[in-house]
Amino acid sequence: MDPKEAAAVKALELVEDGMILGLGTGTTAVHFINALGSRIRERRWHVRGVPTSERSRRQAEDRGISLVDLADVRKIDLAIDGADEADPNLNLIKGGGGALLREKLVAAAARELIVVGDSGKFKETLGAFPLPIAIVPFGWTATAARLERLGAEPRLRLDLETGRGPYVTDDGLYILDMEFGCIEDVAQLEREIKLVPGVVEVGLFVGMASRLILGYDDGHTKEILARR
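First, a word on scope: everything that follows refers to the structure included in this document. (Residues numbered from 1 in each chain as written. Predicted model: local features only at pLDDT ≥ 70, side-chain atom pairs only at ≥ 80, totals over all residues. Heavy atoms only, no water.)

1. Section: the sheet that holds strand S4 (residues 76-81)
The cut-off we apply is this: When DSSP finds at least two bridges between two strands, those strands are taken to pair. The helix count covers DSSP runs of H or I at least four residues long, the strand count covers runs of E at least two residues long, and both are numbered beginning at the N terminus. Contacts are assigned to residue pairs that have any heavy atoms within 4.5 Å of one another. With axes taken as lines fitted to C-alpha atoms, and helix axes fitted only over the stretch in contact, angles between N-to-C directions fall between 0 and 180 degrees.
Reading across the sheet, the seven strands line up as S3-S2-S1-S4-S7-S13-S14 and stay open at both edges, with mixed pairing between neighbours. Each end of this open sheet is capped by a strand with a single partner; those strands are strand S3 (66-67) and strand S14 (221-225). One ladder, built from four bridges, connects strand S1 (residues 20-23) with strand S2 (residues 48-51); its direction is parallel. Looking at the pairing, Leu 23 lines up with Pro 51 of S2. Contacting S1, S4 and strand S7 (110-118), helix H2 (residues 27-43) crosses the sheet at an angle of about 150° to S1.

2. Focus: the sheet that holds strand S6 (residues 92-93)
Strands sit in the order S5-S6-S12 across an open sheet of three strands; the sheet is antiparallel. Across the chains shown, the open sheet's two edge strands, defined by having one partner strand only, are strand S5 (85-86) and strand S12 (204-205). Bridge count for S6 against S12 is two bridges, and the pairing is antiparallel. Bridge pairing links Leu 92 to Phe 205 in S12.

3. So, the layout of surface pockets
Cut-off, in case you're wondering: The way it works is a 1 Å grid over only the protein atoms, where trapped points that fit a 1.4 Å probe form a cavity and open points with protein on both sides within 12 Å along at least five of seven lines form a pocket, and then any residue with an atom within 4 Å of a point lines it. Grid points are joined across faces, edges and corners, and a volume is the space filled by probe spheres set on the points. The classification used treats Ala, Val, Leu, Ile, Met, Phe, Trp, Tyr, Cys and Pro as nonpolar, Asp, Glu, Lys and Arg as charged, and all other residues, Gly among them, as polar.
Within this model, the largest pocket holds a volume of roughly 500 Å³. Considering the residues around the largest pocket, the lining is formed by 28 residues, among which Arg 55, Gly 97, Glu 161, Tyr 167 and Val 168 are closest to the centre. Of all the secondary structure elements, the ones that give two or more residues to the lining of the largest pocket are helix H3 (54-62), helix H4 (100-109) and strand S9 (154-156). By residue class, the composition of the lining of the largest pocket is ten nonpolar, seven polar and eleven charged. Thr 25, Gly 26, Ala 83, Asp 84 and Gly 97 are, among the 17 residues lining the second largest pocket, the residues nearest its centre. Its residues placed into classes, the lining of the second largest pocket shows three nonpolar, nine polar and five charged.

4. Here we look at H2
Which entries qualify depends on this criterion: To estimate the expected span of a helix, subtract one from its residue number and multiply by 1.5 Å. When a residue's accessible area, from a 1.4 Å probe over protein chains only, is under 20% of the maximum for its type it is buried; when over 50% it is exposed; and in between it is partly exposed.
Between its terminal C-alpha atoms H2 stretches 25 Å, which fits the 24 Å expected from 17 residues at 1.5 Å a residue. What H2 keeps buried is the set Thr 28, Ala 29, Phe 32, Ile 33, Ala 35, Leu 36, Gly 37, Arg 39 and Ile 40. Considering only its buried residues, H2 is in contact with helix H1 (3-11), S1, H3, S4 and S7. Phi for Arg 44, located one or two positions after H2, is positive at around 55°.

5. Some remarks on the side chain of Lys 121
Rules: The definition of a polar contact used here is a pair of N or O atoms within 3.5 Å, where within protein one atom must be able to donate a hydrogen and the other to accept one, and adjacent residues in sequence count solely through side-chain atom pairs.
Relative to the elements of secondary structure, Lys 121 occurs in the loop between S7 and strand S8 (131-135). Side chain to side chain, Lys 121 and Asp 118 meet in a polar contact 2.8 Å long. Sequence-distant contacts of Lys 121, that is, excluding residues within four places in its chain, are made with Lys 4, Ala 83, Asp 84, Glu 85 and Ala 86.

6. Looking at empty space enclosed by the protein
This structure, assessed with the given rule, holds one cavity of 30 Å³ or more. By volume, the largest cavity amounts to about 50 Å³. Around the largest cavity sit 13 residues that line it, and Ala 79, Asp 81, Glu 103, Ala 107 and Leu 113 are the ones nearest its centre. For the lining of the largest cavity, the elements supplying multiple residues, two or more each, are S1, S4 and H4. Among the residues making up the lining of the largest cavity, the classes are represented as seven nonpolar, three polar and three charged.

7. Notes on the packing of aromatic side chains
Selection rule: Working definition: rings of Phe, Tyr and Trp (its six-membered ring) pair if their centres are within 6.5 Å, and the pair is stacked with planes under 30 degrees apart, edge-to-face with planes over 60 apart, and tilted otherwise. Any Lys NZ or Arg CZ that is within 6 Å of a ring centre and within 35 degrees of that ring's normal is treated as a charge sitting over the ring.
The full count for this structure, using the stated rule, is one aromatic pair. Where Trp 140 meets Tyr 174, the ring centres are 6.4 Å apart and the plane angle is 70°; that geometry is what we call edge-to-face. You can see Trp 140 sitting in helix H5 (residues 140-148) and its partner Tyr 174 sitting in strand S10 (residues 174-178), a full 34 residues away along the chain. Its relative accessible area of 17% is what places Tyr 174 among the buried residues. If you follow Lys 104 out to its NZ or CZ, it ends over the ring of Phe 205, 4.9 Å from the centre. Seen from the ring of Tyr 167, Arg 157 lies directly overhead, with NZ or CZ sitting 5.9 Å from the centre.

Structure representation (structure tokens):
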């Protein structure tokens, strides 16, 4: 079994009938949405999902999962999502798939954020993966110049599918990717970035995840609980 699929299937054990779930975006989330759709059909569950991207929305609809808008629910029971990196304190870098704003909004509304992924996502310190930052398109070069003062060069993410221009998120934002290397104080860096005019959200998820489920090549999984 694919290690990402193994982690996603394990996360399904935490889901109960009647729950409202945050549905993540990315390669691991694809496996979870597929498994959830099968479980709903098999057991005739009444589970609703809040998708974090239009891509996840389309997949969930194809799998027969009932969807609801975040504005129409008071609380999400569980958010199941992947991560680009996770450290021992379960701080995360997310946004490689471009959905970091909606992912953070859904995670903030959830009783628990469950992170799933392959074992390679677990790092002693964050920063090997470029940090995504969602910004408004207006004056983006000025925003990038302000961010560069924090010690890394911002790189505008391009639309690789069309080959034309910047990548644009579902919310009409651009993404800058910044390679900080080892991030010693993730909370401080998150605060500094969010103070920069033009920044909408940063792909650092600090103290939000409660559980990390890692999948391995032989199909077994390992769970790491947040240190609280």
